[in-house]
Amino acid sequence: MKILVINGPNINFLGIREPAIYGKNSYADLLSLLESVQQEEGISLEHFQSNHEGAIVDTIQAAYQKFDGIVINPAAYTHTSVAILDALKAVGIPAVEVHISDVDAREPFRQISYPGLYCEKTIKGQGIAGYRQAILYLKEKYG
Ligand code: DQA
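Everything quoted here is computed from the prediction, not taken from an experiment. (Residues numbered from 1 in each chain as written. Predicted model: local features only at pLDDT ≥ 70, side-chain atom pairs only at ≥ 80, totals over all residues. Heavy atoms only, no water.)

Draft legend 1. The arrangement of the overall build of the protein chain in detail. Scanning the protein chain from terminus to terminus reveals five helices and five strands. In the protein chain, the succession of α and β elements from N to C terminus is β-α-α-β-α-β-α-β-β-α. The C-alpha radius of gyration computed for the protein chain amounts to 14 Å, which stays within 12% of the reference 15 Å derived for 143 residues, consistent with globular compactness. For the C-alpha atoms alone, the extent of the protein chain along its principal axes is close to 35 × 35 × 25 Å. Contacts in the protein chain between residues far apart in sequence, at least 24 positions, make up 75% of those at least 6 positions apart. Total accessible area computed for the protein chain in this model is approximately 6,800 Å², and 50% of it derives from carbon and sulfur atoms. One finds the centroid of the 12 positive side-chain charges in the protein chain at a distance of 2 Å from the centroid of its 16 negative side-chain charges. (Helix = DSSP H or I, 4+ residues; strand = E, 2+ residues; numbered from the N terminus. Rg over C-alpha atoms; globule rule 2.2 N^0.38 Å. Contact = heavy atoms within 4.5 Å. Areas by Shrake-Rupley, 256 points an atom, 1.4 Å probe, with all protein chains shown as cover. Lys, Arg positive; Asp, Glu negative; His and termini not counted. Charge placed at Lys NZ, Arg CZ, Asp CG, Glu CD.)

Draft legend 2. The arrangement of the packing of aromatic side chains in detail. All chains considered together, the criterion is met by zero aromatic pairs. Between the NZ or CZ atom of K2 and the centre of the ring of F67, over which it lies, the distance is 4.8 Å. The ring of Y22 is capped by R17, whose NZ or CZ atom sits 4.1 Å from the centre of that ring. (Phe/Tyr/Trp six-rings, centres within 6.5 Å; stacked < 30°, edge-to-face > 60°. Lys NZ or Arg CZ within 6 Å of the ring centre and 35° of its normal.)

Draft legend 3. Region of interest: the pattern of salt bridges. Here the structure, examined in full by the defined rule, presents seven salt bridges. Ionic pairing is found between E40 and R132, a salt bridge with its closest N-O pair at 2.8 Å. In this pair, E40 is assigned in helix α2 (residues 27–41) and R132 in helix α5 (residues 129–142), connecting sequence segments 92 residues apart. The class for E40 is exposed, based on a relative accessible area of 51%. (Salt bridge = Lys/Arg side-chain N within 4 Å of Asp/Glu carboxyl O. Buried < 20%, exposed > 50% of the residue type's maximum accessible area, 1.4 Å probe, protein only.)

Draft legend 4. How the structure looks around the environment of N25. Looking at the element boundaries, N25 is found in the loop between α1 (19–22) and α2. Expressed as a C-alpha distance, the spacing of N25 and I93, which sit 68 residues apart in the sequence, is 29 Å. Residues in contact with N25, not counting those within four places in the same chain, are L14, G15 and I128.

Draft legend 5. Quick look at the confidence of the model for the protein chain. Residue-level pLDDT values for the protein chain average 98, and 100% of them are 70 or greater. Element-level pLDDT for the protein chain is lowest in α1, with a mean of 97, against a maximum mean of 99 in strand β3 (residues 69–73). (pLDDT = per-residue confidence, 0-100.)

Draft legend 6. Local environment of the sheet that holds strand β2 (residues 44–49). One open sheet accounts for five strands, arranged β2-β1-β3-β4-β5; its pairing is parallel. Bordering the open sheet on either side are β2 and β5 (121–124), each of which pairs with just one other strand. With direction set aside, neighbouring strand axes in the sheet form an average angle of 20°. With six bridges connecting them, strand β1 (residues 2–7) and β2 associate as parallel partners. Residue pairing across strands places L4 opposite E46, the latter belonging to β2. Together, β1, β2, β3, β4 (95–99) and β5 form the strand contacts of α5, whose direction differs from that of β3 by roughly 160°. (Pairing = 2+ DSSP bridges. Axes fitted to C-alpha atoms, helices over the stretch in contact; angles between N-to-C directions.)

Next comes the structure, spelled out in structure tokens:
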């Protein structure tokens, strides 16, 4: 099984940005976690991070017929991006949305998720452990 993990803007600043909200784990820690999950679960994981909406759309399009699942934290684009929603719908790959923070407990503008309208499941407020949960969900259902 091949899963693509996509992270949006400022996720590369994990551990630096607002640690009271996003925790102390760095982006490197997240990549280590993905490496562990890959080995423990015997699945193939690739990861991509970008601060640019179009680059995320391009990456989703390039995943067409190449990946069995997508785990996506669109970060701030969660709340604005019809383009990312449309790209997910276009490729039709099962997807799970992850948010490190509990977006439900934050500002009203974080309550809407456009990509979430496509995703089968949303995991929020679990820190970087949420990525493991998202991958396990896809493995159990599609692996
Ligand atoms: C986030 C939540 C978003 O509202 C925010 O813009 C982010 C990160 C999260 O992982 O909690 O950048 O997606």
